[in-house]
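# Residue-level structure breakdown
Chain by chain, the residues run as shown.
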Amino acid sequence: MSKLTTRQKVALFVCLGIVANILTIGGIGFFYYMIFAYADYGKMYNLYAAADDSDYEYFNMTVSHVIRNEGADSAYIYVDSIDTEDFYSRYADKYTKDTVKTNLPYYFGALQVQGQSYLILLESGFFEKAEQDGVVLTVYSHPEYWWHEWDCPLIAVSIGDEVYLDFETGKQNWLDWLKFKSEDYGFLQTPIKERGVV
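So, here is what we can say about the structure in this document. (Residues numbered from 1 in each chain as written. Predicted model: local features only at pLDDT ≥ 70, side-chain atom pairs only at ≥ 80, totals over all residues. Heavy atoms only, no water.)

### Considerations on the packing of aromatic side chains
Enumeration over the complete set of coordinates arrives at 13 aromatic pairs. Relative to Tyr56, the ring of Tyr48 has its centre 6.4 Å away and its plane inclined at 40 degrees; by these criteria the two rings are tilted. An angle of 85 degrees between the planes, with centres 5.2 Å apart, marks the rings of Tyr56 and Phe167 as edge-to-face. Taken together, the residues span a long stretch of sequence, with Tyr56 in the loop between helix H2 (41-50) and strand E1 (57-69) and Phe167 in helix H7 (residues 167-185) at a distance of 111 residues. Through a chain of ring-to-ring contacts, three or more aromatic side chains come together here, namely Tyr41, Tyr48, Tyr56, Tyr58, Tyr140, Phe167, Trp174 and Trp177. A cation over an aromatic ring shows up here: Arg90 above the ring of Tyr58, its NZ or CZ 4.0 Å from the ring centre. (Phe/Tyr/Trp six-rings, centres within 6.5 Å; stacked < 30°, edge-to-face > 60°. Helix = DSSP H or I, 4+ residues; strand = E, 2+ residues; numbered from the N terminus. Lys NZ or Arg CZ within 6 Å of the ring centre and 35° of its normal.)

### Brief notes about unusual backbone geometry
We note that Asp73 has phi near 50 degrees; this positive angle belongs to a residue other than glycine. Here Asp73 shows up in the loop between E1 and strand E2 (74-82). According to the relative accessible area criterion, Asp73 is partly exposed, its value standing at 26%. (Buried < 20%, exposed > 50% of the residue type's maximum accessible area, 1.4 Å probe, protein only.)

### Overview of helix H5 (residues 115-124)
Looking only at H5, the buried set comprises Gly115, Ser117, Tyr118 and Leu121. The buried residues of H5 occupy an angular sector of 155 degrees when projected down its axis, which confines them to one face. The positive-phi residue at the C-terminal boundary of H5 is Gly125, with phi of around 80 degrees. (Arc of directions from axis to C-beta.)

### Points about the sheet that holds strand E7 (residues 162-165)
Strand order in this open sheet of seven strands is E5-E3-E2-E1-E4-E6-E7, and the pairing throughout is mixed. Of all strands in the sheet, those with a lone pairing partner are strand E5 (152-153) and E7, marking the two edges. Pairing geometry for strand E4 (residues 137-141) and strand E6 (residues 156-159), over three bridges, is antiparallel. Bridging across to E6, Thr138 finds its partner in Ser158. Helix-sheet contacts for helix H3 (residues 84-91) involve E1 and E2, and the interaxial angle to E1 is about 135 degrees. Against the sheet, H5 contacts E1, E2, strand E3 (110-114), E6 and E7, and its axis sits at roughly 95 degrees relative to E3. (Pairing = 2+ DSSP bridges. Contact = heavy atoms within 4.5 Å. Axes fitted to C-alpha atoms, helices over the stretch in contact; angles between N-to-C directions.)

### Quick look at the nonpolar core
Counting residues in each nonpolar core, the largest one holds 30 residues, and the members touching the most others are Met61, Ile77, Leu121, Phe126, Leu137, Leu154 and Val157. Those residues in contact with Leu121, other than ones at most four positions away along the chain, are Val113, Phe126, Phe127, Leu154, Val157, Tyr164 and Leu165. By size, the runner-up hydrophobic cluster in this structure holds 14 residues, among which are Ala156, Phe167, Leu175 and Trp177. (Core = buried A, V, L, I, M, F, W, Y, C linked by side-chain atoms within 4.5 Å.)

So this is what it looks like as structure tokens:
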């Protein structure tokens, strides 16, 4: 076997360097995903399935804007304002007034709608109605279960006397979506505990 020329050695060194860089960048990206952006839908399903209905909170809000992803049957509803006084009057035993004023807009900066709940709201014309000036939404959500880049779910919503998504339907749709996503991601997920199973 003939020895490599200087030019061939340089070319081989460069190629190995490129491969090493690709592997390093890929490894960093993988660990970043696992640590910061990885969504454990199985874990979230278990938390929401075990939550009591009384753990969910409702409040009145106006909408800044809605971002829809029709290809994924999802939307993010961005909060413009929340009636913190009304919220505090109902949950004073759980939060201090300062906590409500300071943290509530952060907890509920945006509400996500996924799967069947998205389709229900889409077909009813809800999104167009919600973005109109002066329209006040009454929504149910749960502020306690979320991680990096996770937005709280919109479980139920009404405008005035018109219910666009009722609580039982919205909660079941949310659990179904979490379960579907967990099964889609497979072995990376926390095993799901069926409702009623300890």
